[in-house]
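Residue-level structure breakdown
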Amino acid sequence: MNLFKTTLIALLTMAGTHCLAQKTIIHCGTLIDGISEKPSKEMSIIIPQGQDKIESVQKGYAKAGQNDVVIDLKNHTVMPGFIDMHVHLEHETNKNRYLEKYTLNDADVAFRSAVFAERTLMAGFTTVRDLGGTGVNIALRNAINQGLVKGPRIFTSGKSLAVTGGHADPTNGHKKDLMGDPGPKEGVVNGIEDARKAVRQRYKNGADLIKITATGGVLSQAKNGSGPHFKEDEIQAIVETARDYDFHVAAHAHGAEGMKRAVRAGVTTIEHGTYMDEETMALMKERGTYYIPTISAGNFVGIKAAEKGYYPDMVAKKAAVIGPQIQDTFAKAYKYGVPIGFGTDAGVFPHGENAKEFELMVISGMPAMEAIKSATSVNAGILKMSGEIGALRENLQADIVAAEGDPLKDIKVLQTVSFVMKGGVVYKKP
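Nothing here was measured: the structure is a model prediction, and the numbers come from that model.

Time to look at the pairing of strand E6 (residues 125-130). Burial analysis of E6 places six of its six residues in the buried class, the great majority of the element. Pairing between strand E5 (residues 82-87) and E6: four bridges, direction parallel. Looking across to E6, one finds that Asp84 is bridged to Val128. In terms of strand pairing, E6 meets strand E7 (residues 153-156) through four bridges, oriented parallel. In the sheet register, Asp130 faces E7, and the bridge partner there is Thr156. Handedness of the crossover joining E6 and E7 through helix H4 (residues 136-145): right-handed.

Next up, the structure:
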């Protein structure tokens with residue numbers, strides 16, 4: 001009996017060990033790891049079953065054990081999951097967009113955002129930075145983290161900060177008796193004390209970072225789209241308070257003066273940067289401030305501005321002028337050597353089309369490999385997540401995408417990824 005028990009325990013132990021040793025093995029025809037300057041051929045990525053991190057990246061096609069799972073991507077280019085540093089998952093462009101804030105409840109916004117989040121993930125974007133909504137974006141992040149909703153890993157600013165009448169003043173375009181006088185709780189800042197309180201309110205609400213609108217904007221119902229809004233001491237107060245909570249600050253900015261104030265005050269990224277001049281470029285290069293261009297959004301609003309009735313007249317006039325400028329600015333900034341990350345402003349155009357930004361970056365002069373790295377290791381660095389995401393390396397998150405074809409020869413193949421894994425879970429496969 002004792003021998004039987006001993007044998008049984010040994011067999012059960014071996015079986016348990018064998019089950020625990022199961023792995024997912026991805027055979028990669030071409031591998032772009034997000035860091036190296038050149039791709040590698042015939043590689044394998046090993047991920048322990050049920051784990052969210054990469055165990056190893058090996059040369060050659062690793063042999064599988066009896067119970068291992070093999071994913072054959074020998075005809076694909078395999079890359080780290082893409083990171084988009086500028087999305088708005090609560091909404092999506094449509095002709096009724098300006099009425100929806102009066103007709104949609106938070107629950108309506110939340111259900112829609114879940115659809116947009118899944119579409120973003122299926123397009124290969126496993127991490128995003130959501131730069132402004134009502135706060136539903138915080139609940140969406142939590143639901144994804146809890147496994148209730150499919151979507152990318154989200155870093156969110158919650159509600160953006162603006163001055164009274166600024167791009168993110170939630171009462172712009174309202175009739176007078178509905179305007180009221182929103183303050184820091186609603187994300188409206190006038191003065192240093194307001195600035196500090198607004199940041200602390202975002203922390204209380206559960207945000208991950210701060211987003212400010214340092215100048216006017218295109219799609220808000222305010223006539224000036226590029227003038228500076230915050231005073232420099234207000235931005236400094238925001239940045240200093242944000243640092244207390246380990247937040248970084250992203251600054252929406254179209255006009256050069258607003259950008260300069262934001263860069264001098266210490267923001268981490270400039271979004272859009274439409275009228276960036278050489279002085280601003282030099283300042284950003286000196287301070288290490290990243291430019292997030294959002295060319296896709298600029299092109300989209302420029303086209304839609306010509307479609308009668310798509311935007312209110314005030315918005316259409318700004319969109320027709322500002323939108324088409326962003327691609328030219330990107331080309332100049334890249335040549336100048338401004339640090340550049342990848343961001344699209346998805347929501348301004350349809351979610352899931354984020355990868356069109358790669359094509360526009362390449363058309364404007366950035367090599368394809370550099371564009372891919374901007375959406376992987378570069379953005380991971382901006383988020384201070386280089387030890388977790390943005391590359392295919394041992395002990396990093398198993399965020400992996402793949403596309404048929406060679407994106408270094410035809411960057412458009414990234415618009416149709418056929419494999420998506422986030423945190424070791426496969427969401428899309430050939």
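Turning to the layout of surface pockets, a few remarks are in order. Reported here for the second largest pocket is a volume of approximately 360 Å³. Along the wall of the second largest pocket there are 17 residues; nearest its centre are Asp246, Phe247, His248, Leu383 and Lys384. Secondary structure elements with two or more residues in the lining of the second largest pocket: helix H7 (232-244) and helix H14 (368-382).

Attention now goes to the sheet that holds strand E13 (residues 419-422). The seven strands are arranged E3-E2-E1-E4-E12-E13-E14 in an open sheet whose pairing can be described as mixed. Where the open sheet ends on each side, the last strands, each with one partner, are strand E3 (56-59) and strand E14 (425-428). Pairwise comparison of adjacent strand axes, ignoring direction, gives a mean angle of 35° for this sheet. Taken together, the eight bridges between strand E1 (residues 23-31) and strand E2 (residues 40-48) define a ladder with antiparallel strand orientation. When the bridges of E2 are listed, Ile26 appears paired with Ile45.

This part is about the packing of helix H10 (residues 295-304) against helix H12 (residues 325-336). At a minimum axis distance of 7 Å, the contact between H10 and H12 shows a crossing angle of 150°. Taken together, the axes of H10 and H12 are roughly antiparallel relative to one another. Judged by residue contacts, Ile295, Gly298 and Asn299 of H10 engage Ile326, Gln327 and Phe330 from H12. A class-by-class count of the residues in the contact of H10 with H12 yields three nonpolar, three polar and no charged.

How each quantity is defined
- Residues numbered from 1 in each chain as written.
- Predicted model: local features only at pLDDT ≥ 70, side-chain atom pairs only at ≥ 80, totals over all residues.
- Heavy atoms only, no water.
- Buried < 20%, exposed > 50% of the residue type's maximum accessible area, 1.4 Å probe, protein only.
- Helix = DSSP H or I, 4+ residues; strand = E, 2+ residues; numbered from the N terminus.
- Pairing = 2+ DSSP bridges.
- Right-handed = clockwise from strand over helix to strand, strands pointing away.
- 1 Å grid on protein atoms, 1.4 Å probe; cavity = no way out; pocket = protein on both sides within 12 Å on 5 of 7 lines; lining within 4 Å.
- Points joined across faces, edges and corners; volume = space filled by probe spheres on them.
- Axes fitted to C-alpha atoms, helices over the stretch in contact; angles between N-to-C directions.
- Parallel < 35°, antiparallel > 145°, perpendicular 65-115°, else oblique.
- Contact = heavy atoms within 4.5 Å.
- Nonpolar A, V, L, I, M, F, W, Y, C, P; charged D, E, K, R; others polar.

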